[in-house]
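An overview of the molecular structure
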Amino acid sequence: SSNTWLALKTDQVILPGAYLAFTTDPENLILQYPFHDSFKIVKTELPAISDEGGILILAVRVNNAIYVLDSFQFDEAWHHPFLKDLEGVSLEKIHLEQTSANKQNWQSASGTYFYATPGLQNSQWQDSLKSSDQYRPSLSSLWISPNGDNITDFIEIKFHLPKSGFNSRIEVFDLSGFRIKK
């Protein structure tokens, strides 16, 4: 709501490809989000960013010149449409090397990670350099026998999708071809 420049004062070095989380309350961030790296959570006077949206600019001052490193104008509509409550849900950049201005390059943090990963790689991160043009599911087994004998009682399904935000519908059939679970 204001045009304010704030200095991020820290003696930590941010290495290429590394993550830091800036907050006024590190203890609360650590308690609220179990997937974190407490050594990469830095206390600052940075105000909370509105859930409704805004403009965020990361810049460095060299002598009297300001150089913008990254910036983007975001909106709460960038969050996943199936989320009913956005409180505490981080908006994460998917491909770090791509532009921040593209709203398709952002996604709500995964619920599996309690909607934020402060100080860690984003839960929705994808490597743009890898080929992700094909939908390639892989199964740990071609069949499942959930009878409690600890032999193929479970199956692991891995998806390699071109971007985040997908939903899935899985159907299980018995050996006769009858659907037994949806």
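Nothing here was measured: the structure is a model prediction, and the numbers come from that model.

On the surface, a cluster of negative charge is made up of Asp51, Glu52, Asp75, Glu76, Asp85 and Glu87. Inspection of the secondary structure assignment puts Asp85 in the loop between β4 (65–75) and β5 (91–93).

Here ten bridges tie strand β3 (residues 53–62) to β4, and the two strands are oriented antiparallel to one another. Counted as the bridge partner of Ile55 is Gln73 from β4. Hairpin connection between β3 and β4: a loop of two residues separates the two successive antiparallel strands, and Asn63 in this loop has a positive phi of roughly 55°.

So, on to the confidence of the model for the protein chain. Counting all residues, the mean pLDDT for the protein chain is 83, and 92% of those residues have values of 70 or more. When mean pLDDT is taken per element in the protein chain, helix α1 (residues 26–32) scores highest with 95 and strand β9 (residues 172–173) scores lowest with 76.

This paragraph deals with a nonpolar patch on the surface. Together, Leu139, Leu142, Trp143, Ile144, Ile155, Ile157, Phe159, Ile170, Val172 and Ile180 make up an exposed nonpolar region whose accessible area comes to about 910 Å². Within the secondary structure layout, Ile157 lies in strand β8 (residues 157–158). For Ile157, a relative accessible area of 31% translates into the label partly exposed.

So, on to the pattern of salt bridges. Taken as a whole and assessed by the stated rule, the structure comprises two salt bridges. The residue Asp37 makes a salt bridge to Lys40 at a minimum N-O spacing of 3.9 Å. Given the relative accessible area of 18%, Asp37 is considered buried. With a shortest N-O distance of 3.6 Å, Asp70 and Lys93 are connected by a salt bridge. Of this pair, Asp70 sits in strand β4 while Lys93 is found in strand β5, placing the two residues 23 residues apart along the sequence. Residue Asp70 is classed as partly exposed on the basis of its relative accessible area of 31%.

Our focus in this paragraph is the side chain of Ser108. With respect to the element layout, Ser108 can be found in strand β6 (residues 106–108). Here His79 takes part through its side chain, which lies 2.7 Å from a polar atom of the side chain of Ser108. Setting aside chain neighbours within four positions, we find Ser108 in contact with His79, His80, Leu83, Val89, Ser90, Leu91 and Gln124.

Here we take up the environment of Thr112. Relative to the elements of secondary structure, Thr112 occurs in the loop between β6 and β7 (138–139). With relative accessibility at 60%, the residue Thr112 sits in the exposed group. Spatially, the C-alpha atom of Thr112 lies 8.6 Å from that of Ser123, the residues being eleven residues apart in sequence.

Along the chain, Lys182 falls in the segment after β10 (179–181). It is 34 Å that separates the C-alpha atoms of Lys182 and Leu120, two residues lying 62 residues apart in sequence. Filtering out sequence-adjacent residues up to four positions away, Lys182 remains in contact with Arg169, Ile170 and Glu171.

This part takes up the side chain of Ser110. Relative to the helices and strands, Ser110 is located in the loop between β6 and β7. Other than its neighbours up to four places away in sequence, Ser110 contacts Tyr115, Ser123 and Gln124.

Its identity as a non-glycine residue notwithstanding, Asn63 has a phi of 55°, on the positive side. Within the secondary structure layout, Asn63 lies in the loop between β3 and β4. For Thr152, which is not glycine, the phi torsion reads 50° and is therefore positive. Structurally, Thr152 is set in the loop between β7 and β8.

Rules behind the numbers
- Residues numbered from 1 in each chain as written.
- Predicted model: local features only at pLDDT ≥ 70, side-chain atom pairs only at ≥ 80, totals over all residues.
- Heavy atoms only, no water.
- Patch = residues over 30% accessible without salt bridge, like charges linked within 9 Å, V, L, I, M, F, W, Y side chains within 5 Å.
- Areas by Shrake-Rupley, 256 points an atom, 1.4 Å probe, with all protein chains shown as cover.
- Salt bridge = Lys/Arg side-chain N within 4 Å of Asp/Glu carboxyl O.
- Lys, Arg positive; Asp, Glu negative; His and termini not counted.
- Charge placed at Lys NZ, Arg CZ, Asp CG, Glu CD.
- Helix = DSSP H or I, 4+ residues; strand = E, 2+ residues; numbered from the N terminus.
- Pairing = 2+ DSSP bridges.
- pLDDT = per-residue confidence, 0-100.
- Buried < 20%, exposed > 50% of the residue type's maximum accessible area, 1.4 Å probe, protein only.
- Polar contact = N/O pair within 3.5 Å; in protein donor to acceptor, adjacent residues only side chain to side chain.
- Contact = heavy atoms within 4.5 Å.

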